[in-house]
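Notes for the structure review
Residues per chain are reported as follows:
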Amino acid sequence: MAETAALPITAALPITPYADVTFFEDHETEEPGLEAQIMRVVSTSRLQESIKGQLQVVYTSERGNENTVTARRSVKDKAAGKLPFDKKLRVAGIALFACLGSTLFGLDIGYIGPIIESVSFRSDIAHLEGPGTTIDPGTEGLIVSLFSIGAMVTACPIVSSYFLDVWGRKSSIMAGTFVFVIGSMIQGTSTGTTQLLIGRFVAGMSIGLLSSVIVLYQSEMAPASMRGALGTLYQLGITFGILIAAYIDMCVVDKKEGWRFVMAIICVPAVLLLVGMIFLPRSPRWLVQVGRRKEALKVLLTIRSEEEAIQEELEIYQENEKAKADGEPAWSELLHGRVFRLLILGVSLQLLQQLVGMNAFMYFGPKIFEAIGFDKNSFTTINNFVNFLSTFPAVLLADVAGRRSLMLSSSIGMTLACAVMGGCGLMFVVQEVPCLGVPGIVAGYISGNSTLIAATAAATNLAGTKLAGQCGGAFFNATLANALNASVAGPVAFPPEITVANSSAGWIIAISAFFFVFNFAYGFGPIVWVYCAEIFPLKYRARCIGVCTMANWVGNFIIAQFTPMLLSSIQFGTFLVFGFFCAISVVLSVWLPETKGVPLELIQKLFDKKSGFKTTVEGKRVGEAASDSSSEESENSESSGSE
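Residues numbered from 1 in each chain as written. Predicted model: local features only at pLDDT ≥ 70, side-chain atom pairs only at ≥ 80, totals over all residues. Heavy atoms only, no water.

1. What about the overall build of the chain?
To be explicit about the condition: Think of it this way: any DSSP run of H or I at least four residues long counts as a helix, any run of E at least two long counts as a strand, and we number them from the N terminus. Type-normalised accessible area, obtained with a 1.4 Å probe on protein chains alone, sets the label of each residue: buried when under 20%, exposed when over 50%, and partly exposed for intermediate values. By definition, residues are in contact when any of their heavy atoms lie within 4.5 Å. For the area figures, the Shrake-Rupley method with a 1.4 Å probe applies, and any residue is considered shielded solely by the protein chains shown.
Within the chain, the secondary structure is distributed over 26 helices and six strands. Evaluated residue by residue, the chain yields a buried proportion of 53% over its 643 residues. Of the contacts formed within the chain by residues at least 6 apart in sequence, a portion of 79% connects residues at least 24 apart. If you sum the accessible surface of the chain, you get close to 27200 Å²; carbon and sulfur atoms cover 63% of it.

Have a look at this one:
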């Protein structure tokens, strides 16, 4: 009986799987015994197909036995071997070190707020002297937003996919880190606003590239059984960076030119990452994609068991060959079929990660908490710790409870928190215009302005108009404020004061805010990045992740721009808006397929039975049916021949 049956996909494949590639092109540091192991596998291996059409590699093991490793076809198929503990530690160390790139992201988020408020920064950059001076709001907004704009530029798929596909994951991390150091140096040596803005833009460009590549590199290096945990390290790095930045600012930002020391300190992890990446391996999937299979096998042998390494390399190669048979990827293909639907899913997840409002807490949380009677510095400290510590459950549970379960429980928790904050805020938080002088006259704002004084006096004589209390600590009611606005050309801008009518309501709002941060940090924060790094085919992965990352930065920009407007117009109703997006996240999380433990090359099969994707697999099912039919006919003919 014949052992194998040739299929078109492998008809042109070499008998020896690795015969067509130059050995060790990368000249990376070899481990003792690694070269001999690879030479044994390469020299003794041969490629064949099983009766069922599965691709196999037959090779000689270290003990001299002939082993057969089969590429998996179903998500239920198990790995060929068991991952040794030392290989688990090695791959975890690689992912943990790589998350220094996301720590740079967190550092940049965390350090800028206190720096802008420091006296030294205002003096050195804006050339403003005195404790009462402030930077122009437009300039302050530009300092913050240019970072996001720079990130959008390099996260743009045309730019990021060039780096990821041509330079590779490892080189892209090194490039992004180098740009971060340059951006920090430009900022740290600034003597004026223009140079600082250039530095912020350059630093943003580095983070845009790093946010596209870090979690992708981690997921492609990780075995299926650890991919969730190692992918969540990206978010852990961000929260750790925010926490460290707050501590650095607290120690040095108020000193003379202390902000320059901050810029120097945050370069330390960047330089460490830049140097350390020289010694880390390249992504095996990128190596196969560019035709360097032996190097891919070498990398996999350092982080997998021998059987797992051969099996995984074979599966990557099989997916890559199928992609090559379809031709080079075109940008237009992202707008059609399954890839387009996966892209819509990824973009939706990334936008929702921002629109649920987490960054509203990061950017405007201190102001909100100060308004309800809590110390804003205490909020920042507690919030950063809650955010950091709450990410650890994601690391521990992503490969146990699964991605979908964490995102679902996270979304439900965030929805409840937003509903409580919005409801309590609307019922018990009052925002009114302060009266600082004689009844009917806001002395602090209109003293010396005869037009406004006359308008105010007229307003106080209106029927039904009353002051909300005694002058000095009292508030004008809405009728008076409206009368003032109607009596002069244009509205009168009174700085609002917010009070909580019930102290218990203040505590409920505070606890709900931390409950929201907790739920985001273990679920929607890290798992969205993990999920988006998993769901795209290798052929389109770099481009799709670029689109998704850019969507995340667009969402970040939207939150930064519109949250102040929402807080000003509908106050705590803002959290009901965030709650609406949290509710959408609940629905989407219910629909998502679970990717826990599934090899990257087989994740596409999880969507075959999902609504919205069924029509994209009809052709595939026909092909599979034909393949199965030919396999059955082959089996029947072989059995007849043997009889």
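And the narrative resumes.
2. Some details on the packing of aromatic side chains
This is how the line gets drawn: Geometry of aromatic contacts follows a simple scheme: Phe, Tyr and Trp rings, the Trp one being its six-membered ring, pair when their centres are within 6.5 Å, and the pair is stacked under 30 degrees between planes, edge-to-face over 60, tilted otherwise. A ring is scored as having a charge over it whenever the NZ atom of a lysine or the CZ atom of an arginine sits within 6 Å of its centre and within 35 degrees of its normal.
Using the criterion set out here, one finds 16 aromatic pairs in the structure. Note on Trp 591 and Phe 607: the rings are 6.3 Å apart at their centroids and 45 degrees apart in plane angle, and the pair reads as tilted. You can see Trp 591 sitting in helix H25 (residues 574–591) and its partner Phe 607 sitting in the loop between H25 and helix H26 (618–642), a full 16 residues away along the chain. Ring geometry for Phe 607 versus Phe 613: centroids 5.0 Å apart, planes at 40 degrees, classification tilted. For the pair shown, Phe 607 and Phe 613 are each scored as buried. Grouped by ring-pair contacts, the aromatic residues Phe 105, Phe 147 and Trp 553 constitute a single cluster. The residue whose ring lies beneath Arg 543 is Trp 331, and the NZ or CZ to ring-centre distance is 4.3 Å.

3. Here's the deal with the packing of helix H8 (residues 193–221) against helix H24 (residues 541–570)
Spelled out, the test is: Axis lines are fitted to C-alpha atoms, over the contacting stretch for helices. Their N-to-C directions set the angle, which ranges from 0 to 180 degrees. Each angle receives one of four descriptions, namely roughly parallel if under 35 degrees, roughly antiparallel if over 145, roughly perpendicular if within 65 to 115, and oblique otherwise. Note: crossing handedness is left-handed where the near helix turns anticlockwise from the far helix by less than a right angle, and right-handed where it turns clockwise. All amino acids are sorted into three groups, where Ala, Val, Leu, Ile, Met, Phe, Trp, Tyr, Cys and Pro are nonpolar, Asp, Glu, Lys and Arg are charged, and the leftover types, Gly among them, are polar.
One way to put it is that H8 packs onto H24 with a least axis distance of 10 Å and a crossing angle of 130 degrees. It follows that H8 is oblique to H24 by the angle criterion. In the crossing of H8 with H24, the sense of the turn from one axis to the other is right-handed. When H8 is examined against H24, the residues Ile 207, Gly 208, Ser 211, Ser 212, Leu 216 and Glu 220 are found in contact with a partner set consisting of Arg 541, Ile 545, Thr 549 and Trp 553. For the contact of H8 with H24, a count of residues per class yields four nonpolar, four polar and two charged.

4. A look at the pairing of strand E1 (residues 46–49)
The condition that has to hold: When DSSP locates at least two bridges between a pair of strands, those strands are taken to pair.
Sheet analysis places E1 next to strand E2 (residues 55–60), joined by four bridges and oriented antiparallel. Across the sheet, the residue bridging to Glu 49 is Leu 55, located in E2. Counting the residues that bridge the hairpin from E1 to E2 gives five residues, and of these Gly 53 lies at a positive phi of roughly 85 degrees.

5. Digging into the packing of helix H15 (residues 337–355) against helix H23 (residues 503–534)
The geometry of a pair of packed helices is captured by two quantities: the angle between their axes and the separation between those axes. Where H15 meets H23, the closest approach of the two axes is 10 Å, and the angle between their N-to-C directions is 155 degrees. Judged by the angle between their axes, H15 and H23 are roughly antiparallel. In the crossing of H15 with H23, the sense of the turn from one axis to the other is left-handed. Between H15 and H23, the residues in contact are Gly 346, Leu 349, Gln 350, Leu 352 and Gln 353 and Phe 520, Phe 524, Gly 525, Val 528, Trp 529, Tyr 531 and Cys 532, respectively.

6. Regarding the pattern of salt bridges
The line we're drawing: Salt bridges are counted wherever a side-chain nitrogen of Lys or Arg sits within 4 Å of a carboxyl oxygen of Asp or Glu.
Evaluated as defined, the whole model comprises 19 salt bridges. The partner of Glu 220 in a salt bridge is Arg 541, and the shortest N-O contact between them spans 3.0 Å. Of this pair, Glu 220 sits in helix H8 while Arg 541 sits in helix H24, and the two are 321 residues apart along the sequence. The class of Glu 220 is buried, set by a relative accessible area of 0%. The partner of Lys 324 in a salt bridge is Glu 321, with the nearest N and O atoms 3.3 Å apart. Remark: Glu 321 and Lys 324 occur in helix H14 (residues 306–325); sequence separation between them is three residues, near one turn of the helix. Judged by its relative accessible area of 52%, Lys 324 falls in the exposed class.

7. Re the sheet that holds E1
In any sheet, the strands associate via hydrogen bonds between backbone groups, in a parallel or an antiparallel arrangement. Read across the open sheet, the three strands follow the order E1-E2-E3; overall the sheet is antiparallel. The open sheet has two edge strands with one neighbour each: E1 and strand E3 (66–70). When the angles between neighbouring strand axes are averaged without regard to direction, this sheet yields 30 degrees. Bridge count for E2 against E3 is five bridges, and the pairing is antiparallel. Paired with Tyr 59 across the bridge in E3 is Asn 67. Packing of helix H1 (residues 34–44) onto the sheet brings it into contact with E1 and E2, and relative to E2 it is tilted by some 120 degrees. Sheet strands in contact with H14 are E1, E2 and E3, and its direction is about 145 degrees off that of E2.

8. Side note on the environment of Thr 194
By the element assignment, Thr 194 lies in helix H8. In the structure, Thr 194 is positioned 51 residues away from Ile 143 in sequence and 9.9 Å away in space, judged by C-alpha atoms.

9. With respect to empty space enclosed by the protein
Leftover empty space is mapped by rolling, across the atoms, a probe with the size of a water molecule. Rules: Grid spacing is 1 Å over the protein atoms alone, the probe is 1.4 Å, and a cavity is where that probe fits but cannot get out, while a pocket is an open set with protein on both sides within 12 Å along at least five of seven lines and lining residues have an atom within 4 Å of a point. Grid points are joined across faces, edges and corners, and a volume is the space filled by probe spheres set on the points.
This model, assessed by the stated rule, comprises six cavities of 30 Å³ or more. A volume near 210 Å³ is recorded for the largest cavity. Along the walls of the largest cavity sit 16 residues, with Ile 109, Gln 235, Ile 238, Gln 354 and Asn 359 positioned nearest its centre. Per-class residue counts for the lining of the largest cavity are eight nonpolar, eight polar and no charged.

10. Thoughts on unusual backbone geometry
Unlike most non-glycine residues, Glu 257 shows phi in positive territory, near 55 degrees. Within the element layout of this structure, Glu 257 appears in the loop between helix H9 (227–252) and helix H10 (258–265).

11. Quick notes on the confidence of the model for the chain
Here is the rule: As a per-residue quantity, pLDDT reports the predictor's confidence and falls between 0 and 100.
With 76% of its residues at a pLDDT of 70 or more, the chain shows a mean pLDDT of 78. Segment residues 1–15 is flagged for pLDDT under 50; beyond a separation of four residues in sequence, or across chains, it makes 29 contacts in the model.

12. With respect to helix H13 (residues 293–303)
Among the eleven residues that make up H13, eleven are buried, leaving the element largely enclosed by the rest of the structure. Within H13, burial applies to Arg 293, Lys 294, Glu 295, Ala 296, Leu 297, Lys 298, Val 299, Leu 300, Leu 301, Thr 302 and Ile 303. Close packing links the buried residues of H13 with H1, helix H2 (85–98), H8, helix H12 (284–289) and H14.

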